[in-house]
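Commentary on secondary and tertiary structure
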Protein chains: 2
Amino acid sequence: MNDVISQLTDTLGEKAVITGASVGDKYKTDWSGLEGLLPSTVVRASSTEEVASILKICNSAKQAVVIQGGMTGISGGAVPQEGEIAISLEKMSGIIEVDVDSMTITAHAGTPLQVVQEAADEAGLFLPLDMGSRGTCTVGGVVATNAGGNQVIRYGATRSLVLGLEAVLPDGTIISSLNKMLKNNAGYDLKHMFIGSEGTLGIVTKAVMRLYPKMTSTQTALCALPDFTSVLKLLKKTFSTLGDGITSFEVMWANYYDEVVETVEQAKSPFIEKYPFYALVEYKSQDRIHDMEQFSSVLFEAIEDGIIADTILAQSLKEADVFWTIRDGIGELLTTMGPVVNTDISVPISQMKAFIEQLEPALYEAFPNVKLRIFGHIGDSNLHVCAGTGSEQDLDAISAMIMGVTGEYKGSVSAEHGIGVLKKKYLHHSRTPEEVALMKTLKSAMDPNGILNSGRVI
Amino acid sequence: MNDVISQLTDTLGEKAVITGASVGDKYKTDWSGLEGLLPSTVVRASSTEEVASILKICNSAKQAVVIQGGMTGISGGAVPQEGEIAISLEKMSGIIEVDVDSMTITAHAGTPLQVVQEAADEAGLFLPLDMGSRGTCTVGGVVATNAGGNQVIRYGATRSLVLGLEAVLPDGTIISSLNKMLKNNAGYDLKHMFIGSEGTLGIVTKAVMRLYPKMTSTQTALCALPDFTSVLKLLKKTFSTLGDGITSFEVMWANYYDEVVETVEQAKSPFIEKYPFYALVEYKSQDRIHDMEQFSSVLFEAIEDGIIADTILAQSLKEADVFWTIRDGIGELLTTMGPVVNTDISVPISQMKAFIEQLEPALYEAFPNVKLRIFGHIGDSNLHVCAGTGSEQDLDAISAMIMGVTGEYKGSVSAEHGIGVLKKKYLHHSRTPEEVALMKTLKSAMDPNGILNSGRVI
C-alpha cells in the first residue's frame, strides 16, 4: 500500500492525501452506526480527472477503495473495511449550471442535496427530491443509492430525475453522459449502470437532474380509517380523482401512531378518538383555492362513503407540519424503543394486507413480548416495520423473519436504503440466483479487479 | 445451420420452426423499409422456456439470431441479416394480470400495445404510452426500444413505465425481475440492461407496466407564435402555471404547417393569417370545467403578454382531432415530398434556437433547392427535421449534415427511434468513444458469442 500512497501523493500533492493520525473520525462510519475501521489513508479528489488518476493508480495495484460522500447512508456501504483506501468526494462540491429553458441542473458529486434544491428554487424551479439528510447527503450519494424520499409516488426516485451523469470506471476511464434531454435513445442508457449500484461499478462525479415547475399550492390532510381495506380505497379514490397531484400517501398503523402521539412532544393527535389506521395525504398543484375545494370535496365524499372515519384538513402550513411531525416522529420514537429492527421494505400494494396478516401473528408467536411499530409510504409500496423485544439478542431473528415473509410476498428487502453490507444476507429473498449471477457478471466486466466498494451489495 | 434447425425442431416441434419457402414476407423487413433478407428459418416461441431452449441451442452453435416482434421499428433493428435465424415472439401474446390495487399490468412480450391499453382501460386505469403503431407494435418491442410517443413530457418514455420484466440471456438463463413496486433498491436494477438496448443483451419475454388513473378532462389548444423565443416562453408559462398536467407540447415550424394545411385534406388551418410558429398544447387533468377556465386564462394571459399571436381552444374532441391531424399530417406529407430524410433527433431545449439557426442556412447553402419541414415534441427536446432536394443522391449528405450539427449541440442522433442498423454510423456524434467502449464491454459480458441482434446499435 505504501507504494500506492506515494504515487497518490506524487500525483495529487500532499494536501490531498491524509494518512495515519491525521485521518479524522468522520471517515470511519456512516449513519448506519456500523462499527467501521478508521481508514489508513483518505484521498480527497478535487476533480473528475483526479478521481481518474486515483483509480488508475489503485486499479493497477489492485488496491481496494471505498467511496465516501456525505456519509448519511444507513446500510453501511461507505464504511471502510480492512485494507481499503477511502476516496472522499467532499471537495468536489458546487453547482455547474442551472439551465432554465431545459429545466435541468448540473452539479458536482460532492454537492449537498440542499444546495441543489436551493439553486433550483432560486431559478424559479423545483427539484422534487428531498429527505431528512438533505443538508449532508450529496449528489453522488443520492445517485449511487437511488435515494427515494416522500414524493416518489409522483416524481419517482432519484433514477427518474437523473437525465445524465459523468462517472469514472476503475481503470480511470471517464464516462461522460451529461445528457440534458428527456428523449435520447442513442445506444445503451449507461447512466443506469451507476444509479443505484452503490458505487460498485464506477464513481459518479457529476449529475444532470431534471427540474419541475414549482407547486404553488399544498393541501395536507390527516385521515383516520377503520381498516386496511379502507386505506386502499382511499388511495384509489384520491389518486383517481386528484390524479398524480397526490405527492404523498403515508400510512401509520395504530401501533405506531398511538405511541408517537404519546411519546413525542410536538406530535399531538388532532383526533379525540383512536382508530386502527391513519393516512397523511398531501396534494400539490397550482391553484390554491380550487385545489382546496377539490381536495376537501374528495375527502368529504370518502367520509360519506364510509372509507374515512374522520379527517382533518390542515388550515395552514403550520398545521400540516404537525401532521408531518407525527409521521416523522419515528426518529424520536426509536430512541425510546431500546434495541430495535428498523426495516425498509417494499411489498406490492395488493399484497400488503395479507403480508401484515401473516407477519404480525408470526412475530407475536415467536417473540411474545415484541413491540411492533408499522408505517410507510403506501403509495410507493414502501413499508417500515420496526420491531424489538428489548433484547439485543433477538434482533437478528426478528430481522430474518421480516425479510423472509417479505420474500414470500415478492417484496423487496430494501425499498430505498440499498443493500450496502448490512442487507447482503437478505438479498436472496428478493432476487433470484440468476439475477445475482448477472449482477456479478456486470461487476466483473466493469470492475475486473474488484477494487470498487468490494463486498457491498453482492 | 442444419444441425441447429434439427435441434430446434426436435425441441419445439415441427410447427414452431418455419423454413425455406414457407417463410412469409412479413419476416423480411420492418417499417423502416430497409431491404432485408428473407430468413432461411423462423422459430416461433410459445413461452419463456421455449425462448430459453432456442437461445441455448443457438448459443452453443454460435448461431446468430434476429429478434422479431411487431416489425414496426424504423431503424432496421429487426430486419434479418445474412445467416441469421429469426426468433418471432408473435405467439407469446396476452395479458397475464391486471393488479388494480398495485396499479400494474403484466403482459407477454408479443402482446400488441393496444391490447394492453384496452385491458388497462377496462380495469378503470390508464397506460400512458401510445404511438401510431399501437395495433401492431408489441410489448417486447416497445420495451427493447424504449419507445416514446406523445406524452413523454408528463409520463416519461417506456423506461419510466416498466416496473419489472422477464428476459432471457443468450445462454438460456431466465432473468425474472417481475417487480411491481415503485421502490425497490435491492441490488442492481437489471431491467435497464434490457430496456432500450434493442435486443442486443437479452430477449424480453414479459413486462410489468405501471398504470395511472384515467384523466377525465382534456384541453387542447392550437397557438400561433411570432418567433421561437415566444415558443420557449409559452412552454415555460404553461408548464409553470399548469404543472405537469401538460401532456403534450408540440411545435410546428411554418415550413411544415403551411405545407400540411395545403396538402392534407383533413388538416385545415383554423387561422386566417400565417405565422412563423405553431404550438399544439394539450393539458389533461380531472376537473373539466375548472381545467377549461384555467387553461383558457393562461392562454389569454399569453396573448396579453404578446407571447401568442393567436390561439384556438378546441371546443370538442372533434376539433382537437383536427389539430392533431395537422400535427400527424407528416405521414401523408412524406408521400408527396419525394426522396426525403426524416430525422428523429433531440437537442437540449435551451440550444434549439441556435441549433436551427446554424442548421438551416448550412443546409440551404449546401443544397440550394432543399425543402425543409421541421416539427417536434419540443417539451421532450425532440425535433423531427425532414429535408430533401428531390434527389435520392443527396439524402446521405443531408442526413450527415443534420446529424453533425446535432452532435455539435450535444444533441441525440436518435430521440426515440433507436439506433438499429440505420443510425449506427451517426452514433459517434452523440456518444463518446469511452461510452461506446463501455457498451461493447457490456455486450461482451452478457452475450459473449455475439449471437443476439449482432451488428445492431454498436
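Residues numbered from 1 in each chain as written. Chains lettered and ligands numbered in written order. Predicted model: local features only at pLDDT ≥ 70, side-chain atom pairs only at ≥ 80, totals over all residues. Heavy atoms only, no water.

Formally: UniProt positions are given in the numbering used here, feature names are shortened, and annotations may be inferred rather than shown by experiment.
Looking at an unreviewed UniProt entry, one finds chain A named FAD-binding oxidoreductase and attributed to Marinomonas transparens. Turning to chain A, the UniProt annotation filed under Sequence similarities (unreviewed entry) states: "Belongs to the FAD-binding oxidoreductase/transferase type 4 family." For chain A, the Cofactor (unreviewed entry) comment in UniProt is given as "FAD".

1. What about helix H10 (residues 288-304) of chain B?
Heads up, the condition is: Secondary structure elements follow DSSP: runs of H or I of four or more residues count as helices, runs of E of two or more count as strands, with numbering from the N terminus. Expected span, for any helix, means 1.5 Å times one less than how many residues it has. Here's how the labels work: a residue is buried when its accessible area is under 20% of the maximum for its type, exposed when over 50%, partly exposed in between, all with a 1.4 Å probe on protein chains only. Arc, as used here, means the arc of the directions from the helix axis to the C-beta atoms. Contact definition: two residues touch when any of their heavy atoms are within 4.5 Å.
With 17 residues, H10 of chain B extends 24 Å between its outermost C-alpha atoms, agreeing within 8% with the 24 Å of an ideal straight helix rising 1.5 Å per residue. Three or more residues of H10 of chain B are buried, namely His-290, Asp-291, Gln-294, Phe-295, Val-298, Leu-299 and Ala-302 of chain B. For H10 of chain B, the buried positions fall inside an angular range of 155° around the axis, keeping them on one side. Opposite the buried face of H10 of chain B, at more than 90 degrees from it, the exposed residues are Ile-289, Glu-293, Phe-300 and Glu-304 of chain B. The secondary structure elements touched by the buried residues of H10 of chain B are helix H10 (288-304) of chain A together with strand E12 (217-225), helix H8 (228-242), strand E14 (277-285) and strand E15 (310-313) of chain B. Positive backbone phi, at 80°, marks Gly-306 of chain B, one or two positions downstream of H10 of chain B.

2. Thoughts on the packing of aromatic side chains
To keep it simple, the criterion reads: Aromatic contacts are taken between Phe, Tyr and Trp rings whose centres are within 6.5 Å, Trp giving its six-membered ring; a plane angle under 30 degrees counts as stacked, one over 60 as edge-to-face, and the others as tilted.
One pass over the full model with this rule turns up 24 aromatic pairs over all chains. Residues Phe-355 of chain A and Tyr-409 of chain A carry aromatic rings whose centres are separated by 5.9 Å and whose planes lie at 85° to one another, so their mutual orientation is edge-to-face. Of this pair, Phe-355 of chain A sits in helix H13 (residues 352-366) while Tyr-409 of chain A is found in the loop between helix H14 (395-408) and helix H15 (427-430), placing the two residues 54 residues apart along the sequence. Classification of Tyr-409 of chain A as buried rests on a relative accessible area of 14%. Measuring from ring centre to ring centre gives 6.3 Å for Tyr-275 of chain B and Tyr-278 of chain B, while their planes differ by 85°; the resulting arrangement is edge-to-face. For the pair Tyr-275 of chain B and Tyr-278 of chain B, one class covers both residues: buried.

3. Some details on the nonpolar core
Quick reminder of the rule: Put simply, buried Ala, Val, Leu, Ile, Met, Phe, Trp, Tyr and Cys residues joined by side-chain atoms within 4.5 Å make one nonpolar core.
Counting residues in each nonpolar core, the largest one holds 193 residues, and the members touching the most others are Leu-234 and Phe-249 of chain A together with Phe-194 and Leu-234 of chain B. Beyond its immediate chain neighbours, meaning those up to four positions away, Phe-249 of chain A contacts Ile-153, Val-231, Leu-234, Leu-235, Thr-238, Ala-279, Leu-280, Val-281, Gly-376, His-377, Ile-378 and Gly-379 of chain A.

4. Focus on the packing of H13 of chain A against H14 of chain A
All names here are of chain A. Just so we agree on the cut-off: Throughout, an axis means a line fitted to C-alpha atoms (over the contacting stretch in the case of helices), and angles, computed between N-to-C directions, take values from 0 to 180 degrees. Oblique is the label for any angle not under 35 degrees, not over 145, and not in the 65 to 115 range, which are roughly parallel, roughly antiparallel and roughly perpendicular in turn. Helix crossings are classified by the rotation of the near helix relative to the far one: an anticlockwise turn of less than a right angle makes the crossing left-handed, while a clockwise turn makes it right-handed.
Where H13 meets H14, the axes come as close as 10 Å, and the angle between the chain directions of the two elements is 155°. Comparing the axis directions of H13 and H14 gives the class roughly antiparallel. Of the two elements, H13 crosses H14, and the hand of that crossing is right-handed. Between H13 and H14, the residues in contact are Phe-355, Gln-358, Leu-359, Ala-362, Leu-363 and Ala-366 and Ile-398, Met-401, Ile-402, Val-405, Thr-406 and Glu-408, respectively.

5. So, the pattern of salt bridges
Note the following rule: A side-chain nitrogen of Lys or Arg and a carboxyl oxygen of Asp or Glu constitute a salt bridge if their distance falls within 4 Å.
Overall, the coordinates contain 50 salt bridges over all chains when judged by the stated rule. With a shortest N-O distance of 2.5 Å, Asp-130 of chain A and Arg-134 of chain A are connected by a salt bridge. A salt bridge links Lys-274 of chain B to Glu-262 of chain B; the shortest N-O distance between them is 3.9 Å. Here the residue Lys-274 of chain B occupies a position in the loop between helix H9 (254-263) and E14, and Glu-262 of chain B occupies one in helix H9, the gap between them amounting to twelve residues. Relative accessible area serves as the criterion here: at 62%, Glu-262 of chain B is assigned to the exposed category. What emerges from the salt-bridge pattern is a single network uniting Lys-26, Arg-44 and Glu-90 of chain A.

6. A short note on the interface of chain A and chain B
As a measure of interface size, the accessible area lost when the parts come together is often cited. Defined as follows: Once two parts are joined, some of their accessible surface, as seen by a 1.4 Å probe, is lost; buried area is that loss totalled over both.
On the side of chain B, 89 residues touch chain A, which itself brings 90 residues to the contact. Summed over both sides, the interface of chain A with chain B buries roughly 6,700 Å², with 59% coming from carbon and sulfur. Ranking the residues of chain A by area buried against chain B places Lys-183, Asn-185 and Tyr-188 of chain A at the top, with a combined share of 15%. At the surface where chain A touches chain B, the tally comes to eight salt bridges. The partner of Lys-236 of chain B in a salt bridge is Asp-101 of chain A, and the shortest N-O contact between them spans 3.3 Å. Taken together, the elements giving at least two residues each to the side of chain A that touches chain B come down to helix H5 (152-155), strand E9 (174-177), helix H7 (191-194), strand E11 (212-213), helix H8 (228-242), H10, H15 and helix H16 (433-446) of chain A. Looking at the side of chain A that touches chain B element by element, the count peaks at nine residues for H16 of chain A.

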